[in-house]
Each structure stands twice: as structure tokens, then as C-alpha cells.
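# Results of the structural survey
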Amino acid sequence: MSVETPTKPTIADKIYDKLFHNYIWKSIFRTGYPNTPRNQMLVVATNVFLHLHPTRIHRTHVKITHTYCLGGLSFFMFLGLTITGILLMFYYVPSVERAYLDMQNITTTVQFGQLMRNMHRWMAHAMVILVFLHMMRVFYTGAYKPPREFNWVVGVVLLVLTFLLSFTGYLLPWDQLAFWAITVGTNIAGSAPVLGPKTRFWLLGGFEVGPDSLIRFYTLHVIGLPLLAAIFMAVHFWRIRRDGGLARPL
Amino acid sequence: MATAVVARPVARPQARARDEEVLVWPDLVFIEFIAAMVFTITLFLLSFLVNAPLLDQANADVTPNPSKAPWYLLNLQELLLHMNAAMAGVIIPTIWLVILGAFPYFDRETEGQGKWFGTAGAIRLTVVGALVGFIGTWFLIFWDAGKLAYLIGKWSGGAISGGDTFRFLENVRSIQTQLPWPEWSTRITYLPFNLKILDSGFQHLNFPAWLVEQGIPIAVLVGLPSLMIYAMWKLGWVMTRRDALIALFSGFVAAYGVLTMVGTAFRGAGQELVYPWELTVSEGIPGQE
């Protein structure tokens, strides 16, 4: 960087100074506006969300074709699903008497209800696909190799959790599609040797899909599994940093 | 006693190449922002254009035909048509997930990482592995649906026909039903008492049924991938564990894709194999089929 000769501050400089060098801004962000390398590194290091990242990464890793952002986008889908999911929870009661009625209300009378439901559904499908593609990316770039063995295992667990999250959400609309898909799905689980029938009974809270199944799937879907997934994601992201960031050729 | 300390190759994070690094803000954060925006806008548009399905209220008395699991489980539902339910639905996926998780403990070499298809011949192994998985899975589904025997008969104008002698080759189940199995083979006692584990009992073995539902599927699922990797090894294509895994994983992805696709778009009423444009769903309401 060349040293610039000081010039007389313009009106823009004064506004900039007032906006980013005042007491309140500094109390929130600590650093100034990220327009110098020093501030750009500080803004990543001192921000709780951005500090998932290191301050600097290898230049090959910002190439879009290296990762296609698949892992990050999977996480982004998870965040989007959380937001749309919370909005849907305001209107949805997981009881056999109300579930389907609430679905109809969400799609007809609630402001942007249909949009929120559509977003939630398509994002859920997108997340399943993205997580699978992310796994393929990691495999074909050999990124599971040492020292990242354990993070691959965590990833496989997250893949299963993604399937389970999607599966438990499938019952909630309480329409024919939901009911029979879960009947077929839990029958598959119930066919397991020895433990199958018990697992199915435990999952459904009965011998067939009913009111108890709905509340079980709801609880798993809105709190149990997301909590578990969040824990595994925390480990997953932490380990990326601990294992030296993204894999690169030796 | 002197203890020999064996230097174990513990993998450590690579040293950073600091002169090769760029700043996360703005170089990476910008890309992430764009990717997030592209997805947000695309999903918004999709949500404006296509509504999520909502059928009639759930009714345990009205069974749609076909009844299907969510699409990402239809691969298992498809497997279910060809073999023992416990195997298709639980045992095979569980074993496969364990194998998948064990990949890095099997292939411990660090070469070829951080680069798409970073090892020699990786693309060839991917393409051939995927082709074997794709064609093999389609072929097996086609055969087990009885379509192969039907088509051979149709295309040859009835000239090539196994008659009753070869009827047992029509699909996997006919090996049980069309062969003259002796009476005793359907009830082989292998335990002197009825071992009741939770709800089910184990004492007798119906050998033809076991062969069709478990024996042959296991042989196919273990045998075909092993055969593929063995052949590739003989050809000199598979030299390392990484090579074997590439072929195996590519075959899995292709087979998984075919199973999901067939289960989703090619299975009609009664789980018959049909073309996607012939696929109809009966709501199961009497008088409206």
C-alpha cells in the first residue's frame, strides 16, 4: 500500500467519520469499517458469527468450483428452515383435531402463510439434496482423508439427522400424503429384526399412526432433532478449523 | 523394561502457506453472501410459483394406491420389493452407513486430497463405477419385475421361450415357486426349541424362501461390487484403497439414484413397474378408482 498524502477531508469523509468512528458504533463492532486489511481481519475475528471463519484462507478455497458452497448452503437451509419453521409454529397445533385445520388456515387465511409453508417445504427438499451433494463433494475431493477422518463420521451422522428431520416433518400436515408416507416409513423401520416392532411402537406411540405419533413427531421435529443437529453441526464446524481448514493438496 | 516407542503416523493439520492466503472478508464472505442470495431468491420464486401439496385430511380407512414414503426413502421402499423387509429397510442401510463412516479409516493415505478427482485414473473409476451401478441396478430391477423375460419373448416373437423349464428364471421369487424344492427343505429345524426373541420366534428355516429373500440379495449386493472391484484390480485400474473406494462410492451413488428414481417415478398402483407417464395414484376411495 502506498502512503497517501493527506488531503482536506471532504463532506463524504466527514459523514463516514461520524457514522463509523462514533462511540455507539465502536461499542457494538469494536473495529472500524472494514476497509483496511487490519479492520477486515478484526471484523472476522471479533464477530461471533463470522469467527466461524479464520481471518485468512488459502486462495484456492475461495474458488467457487472447489466446494460450490454446498456445506455452507446446507447450513443456510437449516437456518432458513428454523426461521420459517418458527413462523409456522405460531399457527400450528399438533393435535389430530387441529393439525389439518391449521394447515388449511395457514394456506388460506394467514398472511404469507402459504408462502412460508412453501418455503419451508422446498427448503427441506433442498437441504436433503444439498447435504447429499456436499457429501459427494467431500468424497471426490478426498477431503475425508487424515486428519479429517472424524469430521467425515460427524458428517455421516448429520446426513442421517437431516433425513430424520425431514421425515418427522412429513407427518405434520396430517393429510393423506403425510399419513401414508409415515405409515410406509415406520413399517420399514418396524421390519428390523428383534428391535423393529419395539422401535416402531416407540416412534409412533402406538401400533399405528395416531394422535400420539403426531405429538412425538412434532416434538422430535421442532426441538429434539434440531438440537441434536445443532450440536453435531457445532462439532462439525469446529473440527473444520481444528483440522486445518479445507483440505488442499500436499 | 525398555519400551519401544513406535512412531505412529498421526495426521496433523497442514502448515499454513501464509503467502498464498487471501482475506476472508471480503473474498469469502462475498461469495457466501451471493450464494445465500441466489438460493433465497430462487426458493422465493419457487415458493411463489409452486405450492406445497396438501391432500385430503388423513384417514386410516382410505389407503391410496400406491402408498409411498417420502422421496428420499423410496430407494429403500424399492429395495423392499426385491428382498426381505428387514434386510432392505434396516440392515442394508445400517451396514452401508457404517461402511460409509469407516471410509477414512480404511483409506488412510493423504495423497489426492483437496483436489477434484486428485488421484490418477479417478475420473475413469468414477464414470465406470457409476455406469456399472446404473446399468446393474436397472438390469436387476427389470429382471425382478419379470420384464426381461417378457421382452425377450415379445421381441423374438415367441421364438425364444423358456417354457415351463426355465420359468424359475423369470424373476427372483420364481426360484422359490417354480423349482421342485423337496418338502423337507422348506422346514429345516436348526434349533431344538423355539427361541423367542421379543416377539418373533426362531426355530425352523424355510430354505427356498431364505434363498430368495436373503441369500441371493446378499450374494448380489456383496458379490457384484466385489466382482467389479476385482475386475478393475485385474485390469490395473484399482491400485490403491482410494481407487477401490472411488469405484464403490460411484457405484453406490448411481444405484441409489436409480432406486430413488424408480421408486418415485416408475412405480404405479400395486408397485407395478410402469412408465412415469402411465403412473396414476388411486385415492383409495370406493367408486372413484
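Only a predicted model underlies this, so the values are computations on that prediction, with no experimental measurement involved.

## A short note on the overall build of chain B
A count of helices and strands for chain B gives eight helices and five strands. If one aligns the C-alpha atoms of chain B with their principal axes, the spans along those axes are about 75 × 70 × 50 Å. Across the 289 residues of chain B, 26% fall into the buried class.

## Notes on the overall build of chain A
Per the secondary structure count, chain A includes 11 helices and one strand. Ordering the α and β elements of chain A from the N terminus gives α-α-α-β-α-α-α-α-α-α-α-α. For chain A, whose C-alpha radius of gyration is 24 Å, the value lies well above the compact-globule estimate of 18 Å for 250 residues. In chain A, the proportion of contacts linking residues at least 24 apart, taken out of those at least 6 apart, comes to 62%.

## Description of the interface of chain B and chain A
On the side of chain A, 80 residues touch chain B, which itself brings 71 residues to the contact. Elements supplying a minimum of two residues to the side of chain B that touches chain A: strand 1 (21-23), helix 1 (24-49), helix 2 (74-80), helix 3 (85-106) and helix 8 (241-265) of chain B. Considering every element that reaches the side of chain B that touches chain A, the biggest residue donor is helix 1 of chain B, with 13 residues. Among the residues making up the side of chain B that touches chain A, the classes are represented as 43 nonpolar, 15 polar and 13 charged. Of the pairings in the sheet, the one linking strand 1 (residues 56-58) of chain A to strand 1 of chain B comprises three bridges and is antiparallel in character. In the strand pairing of strand 1 of chain B, A:R56 is matched with B:L23.

## Description of the environment of A:G244
The topology assignment puts A:G244 in the segment after helix 11 (211-242). Placed 47 residues apart in sequence, A:G244 and A:P197 show a C-alpha to C-alpha distance of 44 Å. Every residue in contact with A:G244, bar those within four places of it in the chain, is listed here: A:P147, B:P13 and B:Q14.

## A word on the nonpolar core
A:M77, A:M123, A:M127, A:W174, A:A178, A:A181 and B:A247 are the most contacted members of the largest nonpolar core, which has 91 residues in total. Those residues in contact with A:W174 that sit more than four places away from it in its chain are A:V96, A:A99, A:Y100, A:M103, A:F179, A:L214, B:Q57 and B:A58. Formed by seven residues, the second largest nonpolar core is a distinct cluster that contains A:V43, A:V44, A:I57 and B:W25.

## With respect to the confidence of the model for chain B
All names here are of chain B. With 91% of its residues at a pLDDT of at least 70, chain B reaches an overall mean of 87. Least confident of the elements in chain B is strand 4 (residues 200-202), whose mean pLDDT is 67; most confident is helix 8, at 96. Across the interface, the model reports ipTM at 0.90; the global pTM reads 0.91.

## Details of the environment of A:R148
Residue and element names in this part refer to chain A. Within the secondary structure, R148 sits in the loop between helix 7 (113-140) and helix 8 (149-170). R148 gets classed as buried once you count the C-beta atoms within 10 Å, which come to 26. Contact partners of R148, with chain neighbours within four places excluded, come to A143, D243 and A247.

## Focus: the packing of helix 8 of chain A against helix 3 of chain B
Close contact between helix 8 of chain A and helix 3 of chain B brings their axes to 7 Å; oriented N to C, the two are set at 160°. With respect to helix 3 of chain B, the element helix 8 of chain A is oriented roughly antiparallel. Pair helix 8 of chain A / helix 3 of chain B crosses with right-handed handedness. Packed against helix 8 of chain A, whose contacting residues are A:E149, A:W152, A:V153, A:V156 and A:V160, the element helix 3 of chain B presents B:L97, B:L100, B:G101, B:F103, B:P104 and B:Y105 at the interface. Looking at side-chain class alone, the contact of helix 8 of chain A with helix 3 of chain B contains nine nonpolar, one polar and one charged residues.

## What about helix 1 of chain B?
Since the α-helix advances by 3.6 residues per turn, residues separated by three or four positions end up pointing in the same direction. Between its terminal C-alpha atoms helix 1 of chain B stretches 36 Å, which fits the 38 Å expected from 26 residues at 1.5 Å a residue. If you check which residues of helix 1 of chain B are buried, you get B:V24, B:W25, B:L28, B:L43 and B:S47. Where the residues of helix 1 of chain B are buried, they touch helix 3 (37-45), strand 1 and helix 7 of chain A together with strand 1 of chain B.

## Observations regarding unusual backbone geometry
What you tend to see is this: most non-glycine residues have negative phi, and most peptide bonds are trans. Along the chain, A:P146 connects to A:P147 via a cis peptide bond; the corresponding omega equals 5°. Tracing the backbone shows A:P147 in the loop between helix 7 and helix 8. In this structure, the amide linkage connecting B:N65 to the following residue, B:P66, adopts the cis form with an omega of 0°. Secondary-structure assignment places B:P66 in the loop between helix 1 and helix 2. With phi around 65°, A:R30 is a residue other than glycine that occupies positive phi space. One non-glycine residue, A:C69, lies in positive phi territory at about 60°. Along the chain, A:C69 turns up in the loop between helix 4 (64-67) and helix 5 (70-89).

## Describing the packing of helix 4 (residues 122-144) of chain B against helix 8 of chain B
All names here are of chain B. Taken N-terminus to C-terminus, the directions of helix 4 and helix 8 make an angle of 35°; their axes are 7 Å apart at the nearest point. In terms of crossing hand, the pair formed by helix 4 and helix 8 is right-handed. Along the lines of polarity and charge, the residues of the contact of helix 4 with helix 8 split into 17 nonpolar, six polar and one charged.

Parameters and conventions
Residues numbered from 1 in each chain as written. Chains lettered and ligands numbered in written order. Predicted model: local features only at pLDDT ≥ 70, side-chain atom pairs only at ≥ 80, totals over all residues. Helix = DSSP H or I, 4+ residues; strand = E, 2+ residues; numbered from the N terminus. Buried ≥ 20, exposed ≤ 12 C-beta atoms within 10 Å, placed from the backbone. Rg over C-alpha atoms; globule rule 2.2 N^0.38 Å. Contact = placed C-beta atoms within 7 Å. Nonpolar A, V, L, I, M, F, W, Y, C, P; charged D, E, K, R; others polar. Pairing = 2+ DSSP bridges. Core = buried A, V, L, I, M, F, W, Y, C linked by C-beta atoms within 7 Å. pLDDT = per-residue confidence, 0-100. Axes fitted to C-alpha atoms, helices over the stretch in contact; angles between N-to-C directions. Parallel < 35°, antiparallel > 145°, perpendicular 65-115°, else oblique. Left-handed = near helix turned anticlockwise from the far one by under 90°. Expected span 1.5 Å × (residues − 1).

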